[in-house]
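The lines below spell out each chain.
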There are 2 protein chains.
Amino acid sequence: MVKRNPNLAKLQSSYFFLEIAKRKKEFLLKNPNAKIISLGIGDTTLPLTTHIAGAMTDAVKKLSHTKTYTGYGDEQGLTSLREKIAKVIYCGMVSGEEVFVSDGAKPDTGRLQVLFGSDAKIAVQDPSYPVYVDSAVILGQTGLLDGKTRQFGNIIYLPCTPKNKFFPQLDPAKDADVIYFCSPNNPTGAVATKNQLKELVDFAKKNKSILVVDTAYSQFISDRSLPRSIYEIDGAKEVAIEISSFSKPIGFTGVRLGWTVIPNDLCYDDGTQVRKDWNRITTTIFNGASNISQAGGLAALDPKGRKEMGKTISYYMENARILRLVLQKKGYEVVGGDNAPYLWVHMKGMTSWDAFTLLLEKAHITTTPGSGFGPSGEGFLRLSSFGQRAHVLEAAKRLEKVL
Amino acid sequence: MVKRNPNLAKLQSSYFFLEIAKRKKEFLLKNPNAKIISLGIGDTTLPLTTHIAGAMTDAVKKLSHTKTYTGYGDEQGLTSLREKIAKVIYCGMVSGEEVFVSDGAKPDTGRLQVLFGSDAKIAVQDPSYPVYVDSAVILGQTGLLDGKTRQFGNIIYLPCTPKNKFFPQLDPAKDADVIYFCSPNNPTGAVATKNQLKELVDFAKKNKSILVVDTAYSQFISDRSLPRSIYEIDGAKEVAIEISSFSKPIGFTGVRLGWTVIPNDLCYDDGTQVRKDWNRITTTIFNGASNISQAGGLAALDPKGRKEMGKTISYYMENARILRLVLQKKGYEVVGGDNAPYLWVHMKGMTSWDAFTLLLEKAHITTTPGSGFGPSGEGFLRLSSFGQRAHVLEAAKRLEKVL
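Described below are features of the structure shown in this document. (Residues numbered from 1 in each chain as written. Chains lettered and ligands numbered in written order. Predicted model: local features only at pLDDT ≥ 70, side-chain atom pairs only at ≥ 80, totals over all residues. Heavy atoms only, no water.)

### A few points about the sheet that holds strand β10 (residues 258-261) of chain B
Residues and elements named next belong to chain B.
Inference 1: Strand order across the open sheet formed by 7 strands is β2-β10-β9-β8-β7-β3-β6, with mixed pairing between neighbours. In the strand order of this sheet, the two ends are held by β2 (99-102) and β6 (155-159), each with one partner. Sheet twist, expressed as the mean angle between neighbouring strand axes with direction ignored, is 20°.
Inference 2: Sheet topology note: the strand β9 (residues 240-245)/β10 ladder contains 4 bridges and is antiparallel. (Pairing = 2+ DSSP bridges. Helix = DSSP H or I, 4+ residues; strand = E, 2+ residues; numbered from the N terminus. Axes fitted to C-alpha atoms, helices over the stretch in contact; angles between N-to-C directions.)

Okay, structure coming up:
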């Protein structure tokens, strides 16, 4: 028989959100009447807004009539949507042809790994969104998992801890081909300042690395002094790719829509535009996001859609404020929840899984153990503010009682 | 700067559908009043049916209300859709858990290459859908392109020609890890018989290879003696993966929905289920097809949806019949167009690109040059029957005049 791809064998345990689901299920089997509130996975709960839903209904209607029906769209996305993202999200800092519409940041992360190939050496923040590392393992960029450190060989991990205020010391990444950076950060909720992003861009320029900056949560930044895009930094277009998403700000987690920016100025050492190879990958192993989802994305960037998006975000950020308050009141150190929808809670000496179990069993609240995002996440829990208000208020009450 | 992924450098020219678009554009610049009819790319033109559009509108409505809103779905697809595909398309030959819903056959082909990894040795039919080869090149499974043969090193090409009635001699593939096979075939329109598929399954079993069978056009088979799925062959579940799609039978080319079947019985030499690794890939670098598209897919498999699907297919197959008749009347050898929506026309000694140019310039018809699908496609044109009836009738008139 055919040999198994050895890279897949390196992935020891299941994607850890599945592990959480399993533990929750086991708890519910023993406690069938428990009313569990999820502050775990960052899954949206607010419905689609009227304007966006209307645009998608219209899109379906258009597809139902011969004269307005369209089949395949460009794999890179509707030109109108690419240009609108460039204009509305990036205020013209990038052009429409540099924006590639996708079915989300996660699939685009996978395709980016295909772009870089198995010889790329990557650096990631620790803790980080698990998909950067897992996709690198699948593509063969890494060595084996070290059972002790729970880290893979040939990946550079950049610890983000209270000591460095969750912005990493960059030096260890000087040999990295690709540095993944996420701001607002998932899971820590930390938002990089303009100076920090400038440090990152300068570092990548000096060491000739490519930055992949994940800004899936940038719309949650309310502090106007904080940058929402890496392209606010001079020279970033020569070194940085940006991945982003409609999932959280407009509730498209199930509808699927995101984008990736690859600037024309970003080149390999032989002068080839990275954008050119990305275009080839997009046209070869992707076939575009759903045209209905794209109609929704267009509406979201209208003045009306923007206003509705603002309301959705305010709702979730009020949730974050409520959770943040109760945790701080109880003496916990909390990062995030101000300009990011995640709260990163230092659990006072408990391990992450112990803290997870405590809250599951005593408060019937599911959270995400910080250790699942990397060794530097040990001792933390990630709390999501994407719940419904009533549940968040109830969760806050329970936390006040249990902690 | 970072080194370019050498695998991407191997891809010499652009995906050839782009080349066709370029030539058409150049012709239109010189002949701005030409009314070009496309028999080229297999893009659907019939609108969504009432039942399917209604289901998608309902899905949008549900997403617009708090009580019925849902966020992330399972990356593998809605359980109800997986089970319905197993029941309706496969009559229970496979189970729902063996069906993975995707955003289409093309992206799933790319993910399958990620599954197999860069050490896999693949065999393809020649001619074949270019994505199998191009994605293999991108993943590093191949050597360089041979400028003379236009074939990549380390890929086994299985010629499909009039001599073997478009079913390949399999022997050269005995060392292949993965054999790609497409029936009804894109581009040749040939449909494998039950005996031929049995030969294929037996061959894969004997040589311990995995079959990847692309059945994106299986719903176009009207001859009940022809198999619509590889799983109609005894023992196929031990050796075969099936990729399929909603794109063509229900006009979802832009809506994006497909699926892949990985049977539980399919294992690597170490006993690991292939399905297990596929599940990991799906959950790590994919995030599910749009929930609105999936609602459409569910409706398409209802009795009402099935009836509407039948009408859509009959319409396209009547187009195919019209084109087939005029070509045969003019003395051309034609394969396909009976149980497949493509016609594969032997152009009587012309090269494919010469024939393409002839029809573009004299009949203002775009087609797809057979040579773009591989060396054995030289001298052929692929004609698509996915146009609107009026255009197909007009195209038939022009062909009658010009050929």
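### Structural notes on the relation of the copies chain B and chain A
Inference 1: Turning chain B through 180° and shifting it by 0.0 Å along the axis lays it on chain A, with an RMSD of 0.0 Å. These values place the two chain copies in the arrangement generated by a two-fold rotation axis. Among all residues of chain B, the minimum C-alpha distance to the rotation axis is found for Thr57 of chain B, at 2.8 Å.
Inference 2: Counting the interface residues of chain B, we find that 100% of their copies in chain A are interface residues as well, pointing to one common contact surface. (Least-squares fit on C-alpha atoms with pLDDT ≥ 70 in both. Contact = heavy atoms within 4.5 Å.)

### Structural notes on the pattern of salt bridges
Residues and elements named next belong to chain B.
Inference 1: A complete count under the given rule lists 31 salt bridges over all chains for this structure.
Inference 2: With a shortest N-O distance of 2.9 Å, Arg321 and Glu318 are connected by a salt bridge. Of the two residues, Arg321 and Glu318 both sit in helix α11 (residues 303-329), 3 residues apart, roughly one turn of that helix.
Inference 3: On the basis of relative accessibility, which here comes to 26%, the residue Glu318 falls in the partly exposed class. (Salt bridge = Lys/Arg side-chain N within 4 Å of Asp/Glu carboxyl O. Buried < 20%, exposed > 50% of the residue type's maximum accessible area, 1.4 Å probe, protein only.)

### Description of the interface of chain B and chain A
Inference 1: Facing 76 residues of chain B, the contacting portion of chain A comprises 76 residues.
Inference 2: Between chain B and chain A the total buried area reaches about 6,700 Å² when both faces are included, carbon and sulfur atoms providing 59% of it.
Inference 3: Its largest share of buried area at the contact with chain A, chain B owes to Met1, Tyr72 and Arg280 of chain B, together 12% of the area lost on that side.
Inference 4: Residue Glu75 of chain B pairs with Lys106 of chain A through a salt bridge whose shortest N-O separation is 3.1 Å.
Inference 5: In this structure, the connection of chain B to chain A is made through 30 residue pairs in polar contact (both at pLDDT 80 or more).
Inference 6: Only α3 (50-63), α5 (105-116), α6 (130-138), α9 (274-285) and α10 (291-300) of chain B provide two or more residues apiece to the side of chain B that touches chain A.
Inference 7: Of the residues in the side of chain B that touches chain A, the class split is 32 nonpolar, 27 polar and 17 charged. (Buried area = accessible area lost by both parts, 1.4 Å probe. Polar contact = N/O pair within 3.5 Å; in protein donor to acceptor, adjacent residues only side chain to side chain. Nonpolar A, V, L, I, M, F, W, Y, C, P; charged D, E, K, R; others polar.)

### Comments concerning the pairing of strand β8 (residues 210-214) of chain B
All names here are of chain B.
Inference 1: Within β8, 5 of the 5 residues are buried, which leaves it mostly tucked inside the rest of the structure.
Inference 2: Here β8 shows a buried face lined by Ile210, Val212 and Asp214 and a second buried face lined by Leu211 and Val213.
Inference 3: Taken together, the 5 bridges between strand β7 (residues 178-182) and β8 define a ladder with parallel strand orientation. Bridging across to β8, Phe181 finds its partner in Val213.
Inference 4: As a crossover connection, the stretch from β7 through helix α7 (residues 194-207) into β8 is right-handed.
Inference 5: Bridge count for β8 against β9 is 4 bridges, and the pairing is parallel. Following the sheet pairing, Val213 is matched in β9 by Glu242. (Right-handed = clockwise from strand over helix to strand, strands pointing away.)

### What to know about helix α2 (residues 16-30) of chain A
Residue and element names in this part refer to chain A.
Inference 1: The terminal C-alpha atoms of α2, which comprises 15 residues, lie 22 Å apart, in line with the 21 Å expected from a rise of 1.5 Å per residue.
Inference 2: Buried within α2 are the following residues: Phe16, Phe17, Ile20 and Phe27. One face of α2 carries all of its buried residues, which in axial projection span an arc of 110°. Across α2 from its buried face, at more than 90 degrees, point the exposed residues Lys25 and Leu29.
Inference 3: Next to the buried residues of α2 lie α6 (130-138), α12 (352-363), β14 (368-369) and β15 (380-384). (Expected span 1.5 Å × (residues − 1). Arc of directions from axis to C-beta.)

### Comments concerning the packing of aromatic side chains
Aromatic ring pairs are defined here through the distance separating the ring centres and the angle between the ring planes.
Residue and element names in this part refer to chain B.
Inference 1: Under the defined criterion, the tally for this structure stands at 32 aromatic pairs over all chains.
Inference 2: Both rings, one in Phe220 and one in Phe386, keep their centres 5.7 Å apart while their planes meet at 90°; by these two values the pair is edge-to-face. Highlighted residues: Phe220 in the loop between β8 and β9 and Phe386 in the loop between β15 (380-384) and α13 (389-402), separated in sequence by 166 residues.
Inference 3: In this structure Phe220 comes out as buried when scored by relative accessible area, which is 1%. (Phe/Tyr/Trp six-rings, centres within 6.5 Å; stacked < 30°, edge-to-face > 60°.)

### Structural notes on the layout of surface pockets
Inference 1: Approximately 1,300 Å³ is the volume attributed to the second largest pocket.
Inference 2: Along its surface, the second largest pocket is lined by 45 residues, and Tyr72 of chain A together with Gly40, Ile41, Gly42 and Asp43 of chain B are the ones closest to its centre.
Inference 3: For the lining of the second largest pocket, the secondary structure elements donating two or more residues are α2 (16-30), β1 (37-38), α5, α8 (247-250), β15 and α13 of chain B.
Inference 4: Tallying contributions element by element places α2 of chain B first for the lining of the second largest pocket, with 6 residues.
Inference 5: Considering only residue class, the lining of the second largest pocket consists of 17 nonpolar, 17 polar and 11 charged. (1 Å grid on protein atoms, 1.4 Å probe; cavity = no way out; pocket = protein on both sides within 12 Å on 5 of 7 lines; lining within 4 Å. Points joined across faces, edges and corners; volume = space filled by probe spheres on them.)

### Some details on the side chain of Asn7 of chain A
Inference 1: Structurally, the position occupied by Asn7 of chain A is in helix α1 (residues 6-10).
Inference 2: Among all residues touching Asn7 of chain A, those that are not within four sequence positions of it are Val137, Ile138, Leu139 and Gly140 of chain A.

### Here we look at empty space enclosed by the protein
Inference 1: What the rule picks out here adds up to 6 cavities of 30 Å³ or more.
Inference 2: In this structure, the largest cavity spans a volume of roughly 80 Å³.
Inference 3: If you trace the largest cavity, you find it lined by Pro107, Gly110, Arg111, Val114 and Ile285 of chain A together with Pro107, Gly110, Arg111, Val114 and Ile285 of chain B.
Inference 4: For the lining of the largest cavity, the elements supplying multiple residues, two or more each, are α5 (105-116) of chain A together with α5 of chain B.
Inference 5: The computed volume of the second largest cavity comes to approximately 70 Å³.

### Points about the side chain of Thr260 of chain B
Residue and element names in this part refer to chain B.
Inference 1: Here Thr260 is to be found in strand β10.
Inference 2: At 2.6 Å, the side chain of Thr260 and the side chain of Asp108 are in polar contact.
Inference 3: Non-local contacts of Thr260, meaning those with residues more than four positions away in its chain, are made with Glu98, Val99, Phe100, Asp108, Ile241, Glu242, Ile243 and Trp278.

### Comments concerning the sheet that holds β14 of chain A
Residues and elements named next belong to chain A.
Inference 1: What the 4 strands build is an open sheet, ordered β11-β12-β15-β14; its pairing is antiparallel. The open sheet is flanked by β11 (334-336) and β14, the only strands paired with a single partner.
Inference 2: Across the sheet, α12 touches β14 and β15, and the angle it forms with β15 is around 50°.

### Let's talk about α5 of chain B
Residues and elements named next belong to chain B.
Inference 1: With 12 residues, α5 should cover 16 Å at 1.5 Å per step; its first-to-last C-alpha distance of 16 Å lies within 8% of that length.
Inference 2: The buried count for α5 comes to 12 of 12 residues, which makes it a mostly enclosed element.
Inference 3: Listed in full, the buried residues belonging to α5 are Ala105, Lys106, Pro107, Asp108, Thr109, Gly110, Arg111, Leu112, Gln113, Val114, Leu115 and Phe116.
Inference 4: Phi turns positive one or two residues past the end of α5, at Gly117, with a value near 85°.

### Looking at the packing of helix α12 (residues 352-363) of chain B against α13 of chain B
Geometry of a packed helix pair, given as the angle between the helix axes and the separation of the axes.
Residue and element names in this part refer to chain B.
Inference 1: For the pair α12 and α13, interaxial distance at closest approach is 10 Å and the crossing angle is 105°. The angle between α12 and α13 falls in the class roughly perpendicular. Residues Leu359, Lys362 and Ala363 of α12 touch α13, and the partners they reach there are Arg398, Leu399 and Val402.
Inference 2: Tallied by class, the residues present in the contact of α12 with α13 amount to 4 nonpolar, no polar and 2 charged. (Parallel < 35°, antiparallel > 145°, perpendicular 65-115°, else oblique.)

### So, the environment of Thr50 of chain A
Residues and elements named next belong to chain A.
Inference 1: Positionally, Thr50 belongs in helix α3 (residues 50-63).
Inference 2: For Thr50, a relative accessible area of 69% corresponds to the exposed category.
Inference 3: Put simply, Thr50 and Glu308 are 258 residues apart on the chain and 8.6 Å apart in space, counted from C-alpha to C-alpha.

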